[in-house]
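# Summary of structural features
Listed here are the chains, written in short residue letters.
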Amino acid sequence: MKKELLEVFDNRFPDRDYTIEIKNPEFTSVCPKTGLPDFGTITITYVPDKVCLELKSLKYYYLEFRNAGIFYENVTNTILDHLVEVLTPRTITITTEWKARGGITETVSATWQSES
C-alpha cells in the first residue's frame, strides 16, 4: 500500500479538539488464503492536530487494497500506521467491519494516541 498517495491540508482550528469521522462502506481487499474478495466498512475516527486528511487521496489509497491479499487485522493496522505517520493526529481509531463469509463476521479496531 502506498502511503505516499495520502494527502493532507492545514487544520484551520489547531487549538480546538474536534472529531472527524470518515466511513467507507465499500472497502474491498482479497483473502490471502482463498483469493476471494473481502468486503467491509472502514471507519476512521480522529482528532486532528496540525493537518487533516484529504478525502480524494484517501479514495485512491483505498484502491491499493482492492487486489491485495491481506488479512483483516493487517488491513486495520496498516491503515492506522500510515495515517499516524501522515497526520500525526492527537488520537485516531481505525475500525474495520467485515461482511459475513461462511456465517462469520469480524470487527477489528486499533487505536493510537499522541503522548503529548
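Right above here is the structure, for reference.
Below or above, wherever it landed, is the structure these notes cover. Treat the numbers as computed from the prediction; the structure is a model and nothing was measured.

## Topic: the nonpolar core
Counting 27 residues, the largest nonpolar core has I44, L53, I79, L83 and I92 as the members making the most contacts within it. Taken together, the elements giving at least two residues each to this core come down to β2 (20–30), β3 (37–47), β4 (51–53), α1 (55–63), α2 (72–87), β5 (91–101) and β6 (104–113). In terms of residue count, α2 provides more of this core than any other element does, 7 residues in total. Ignoring anything within four residues of it in the chain, the contact list for I92 reads I44, T45, Y46, L80, L83, V84, L87, A110, T111 and W112.

## Things to note about the packing of aromatic side chains
Applying the stated criterion across every chain yields a total of 6 aromatic pairs. Look at F27 and F65: their rings are 5.3 Å apart centre to centre, the planes differ by 55°, and that puts the pair in the tilted class. Of this pair, F27 sits in strand β2 while F65 is found in the loop between α1 and α2, placing the two residues 38 residues apart along the sequence. Here F27 falls in the buried class, since its relative accessible area comes to 1%. What links up through ring pairs into an aromatic cluster is the set F27, Y61, Y62, F65, Y72 and W98.

## Details of the pattern of salt bridges
Inspection of every chain in the model, using the stated rule, returns 5 salt bridges. Residue R90 pairs with D17 through a salt bridge whose shortest N-O separation is 2.5 Å. Pair noted here: R90 is in the loop between α2 and β5 and D17 is in the loop between β1 (8–10) and β2, with a separation of 73 residues, a long-range link. For D49, the salt bridge goes to R90, with nearest N and O atoms at 3.1 Å. Within this pair, whereas D49 is found in the loop between β3 and β4, its partner R90 is found in the loop between α2 and β5, the two being separated by 41 residues in sequence. Residue class for R90 comes out partly exposed when judged on its relative accessible area of 22%. Each of the salt bridges in this network shares a partner with another, and the network as a whole consists of D17, D49, K50 and R90.

Definitions and limits used
Residues numbered from 1 in each chain as written. Predicted model: local features only at pLDDT ≥ 70, side-chain atom pairs only at ≥ 80, totals over all residues. Heavy atoms only, no water. Core = buried A, V, L, I, M, F, W, Y, C linked by side-chain atoms within 4.5 Å. Buried < 20%, exposed > 50% of the residue type's maximum accessible area, 1.4 Å probe, protein only. Helix = DSSP H or I, 4+ residues; strand = E, 2+ residues; numbered from the N terminus. Contact = heavy atoms within 4.5 Å. Phe/Tyr/Trp six-rings, centres within 6.5 Å; stacked < 30°, edge-to-face > 60°. Salt bridge = Lys/Arg side-chain N within 4 Å of Asp/Glu carboxyl O.

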